[in-house]
Amino acid sequence: MTLEAVLAALHLLAILTLVVFLTSEAALCRSEWMNAAVVKRLARLDLIYGIAAVVLLATGLARLYLGVKGLSWYVSQPLFHIKITLFVLMGLISIKPTLTFRRWLKVLNSTGALPGEAEVRSTRRWVMVQSHILPVVAVIAVFWARGW
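Residues numbered from 1 in each chain as written. Predicted model: local features only at pLDDT ≥ 70, side-chain atom pairs only at ≥ 80, totals over all residues. Heavy atoms only, no water.

Draft legend 1. View of the overall build of the protein chain. Secondary structure summary: the protein chain contains 5 helices and 0 strands in total. Helices and strands appear in the protein chain in the N-to-C order α-α-α-α-α. Burial statistics for the protein chain: of 148 residues in total, 36% are counted as buried. Across the protein chain, every contact between residues at least 6 apart in sequence was considered, and the portion connecting residues at least 24 apart equals 79%. (Helix = DSSP H or I, 4+ residues; strand = E, 2+ residues; numbered from the N terminus. Buried < 20%, exposed > 50% of the residue type's maximum accessible area, 1.4 Å probe, protein only. Contact = heavy atoms within 4.5 Å.)

Quick look at the structure:
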């Protein structure tokens with residue numbers, strides 16, 4: 001039971017970290033606030049967001065294979081498959097902002113140029129889509145925990 005509690009706690013910590021850093025990206029990715037410090041901060045926030053996502057996946061897999069309920073229980077749950085699908089979808093959506101933040105940082109470091117307003121708006125839209133999928137995953141988790 002201690003292993004189960006530790007895995008659950010680490011999983012929750014990764015979820016909360018993911019929420020904090022995705023929210024920070026959404027808050028900062030605005031054309032009216034864009035400056036060199038924000039570009040650097042967005043790249044750093046996105047790196048931490050990515051690490052949190054990897055930790056979330058790793059702790060989820062650990063719960064799947066090492067947890068008390070076991071693999072067969074999880075894969076027999078329809079809401080589990082919906083959660084995983086949404087998590088993968090978020091991961092795929094996050095590729096564009098990640099590549100964009102890295103490119104902005106590279107351009108900033110080489111030429112000092114900041115991204116244009118249209119590109120910032122487009123990138124923010126991708127971040128916001130992720131930000132709106134995440135609460136759906138949380139709601140599914142709540143229903144799943146109550147036996148749906």
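Having put the structure on the table, let's press on.
Draft legend 2. Seen up close, the pattern of salt bridges. As enumerated under the stated definition, the model contains 3 salt bridges in all. Between Glu4 and Arg63 there is a salt bridge, with its nearest N and O atoms 3.7 Å apart. Remark: Arg63 occurs in helix 2 (residues 36–66) and Glu4 occurs in helix 1 (residues 2–28); sequence separation between them is 59 residues. The shortest N-O distance in the salt bridge between Arg121 and Glu117 comes to 3.7 Å. (Salt bridge = Lys/Arg side-chain N within 4 Å of Asp/Glu carboxyl O.)

Draft legend 3. Here's a closer look at the side chain of Lys83. Looking at the element boundaries, Lys83 is found in helix 4 (residues 78–111). Despite being buried, Lys83 has no salt bridge partner; Glu4 is the closest side chain of opposite charge, sitting 11 Å away. Among residues more than four places away in sequence, those in contact with Lys83 are Val137, Ile140, Ala141 and Trp144. (Lys, Arg positive; Asp, Glu negative; His and termini not counted.)

Draft legend 4. Spotlight on the packing of helix 4 against helix 5 (residues 117–145). Closest axis-to-axis distance for the helix 4/helix 5 pair is 9 Å, and the angle between their directions is 160°. Put simply, helix 4 runs roughly antiparallel to helix 5. Helix 4 and helix 5 meet at a crossing whose hand is left-handed. (Axes fitted to C-alpha atoms, helices over the stretch in contact; angles between N-to-C directions. Parallel < 35°, antiparallel > 145°, perpendicular 65-115°, else oblique. Left-handed = near helix turned anticlockwise from the far one by under 90°.)

Draft legend 5. A look at the environment of Leu89. Secondary-structure assignment places Leu89 in helix 4. On the accessibility criterion, Leu89 (37% relative accessible area) is partly exposed. It is 24 Å that separates the C-alpha atoms of Leu89 and Trp104, two residues lying 15 residues apart in sequence.

Draft legend 6. Broad picture of the packing of aromatic side chains. The tally for this structure, following the rule as stated, stands at 7 aromatic pairs. With centroids separated by 5.9 Å and ring planes inclined at 50°, the aromatic side chains of Phe80 and Trp144 adopt a geometry described as tilted. Of this pair, Phe80 sits in helix 4 while Trp144 sits in helix 5; the two residues are 64 residues apart in sequence, bridging distant segments of the chain. Owing to a relative accessible area of 12%, Trp144 belongs among the buried residues under this scheme. Here the aromatic cluster, defined as three or more aromatic residues joined through ring pairs, consists of Trp73, Tyr74, Phe80 and Trp144. The aromatic ring of Trp33 is capped on one face by Arg30, whose charged end is 5.1 Å from the ring centroid. Sitting over the ring of Trp73, Lys69 keeps its end group 4.4 Å from the ring centre. (Phe/Tyr/Trp six-rings, centres within 6.5 Å; stacked < 30°, edge-to-face > 60°. Lys NZ or Arg CZ within 6 Å of the ring centre and 35° of its normal.)

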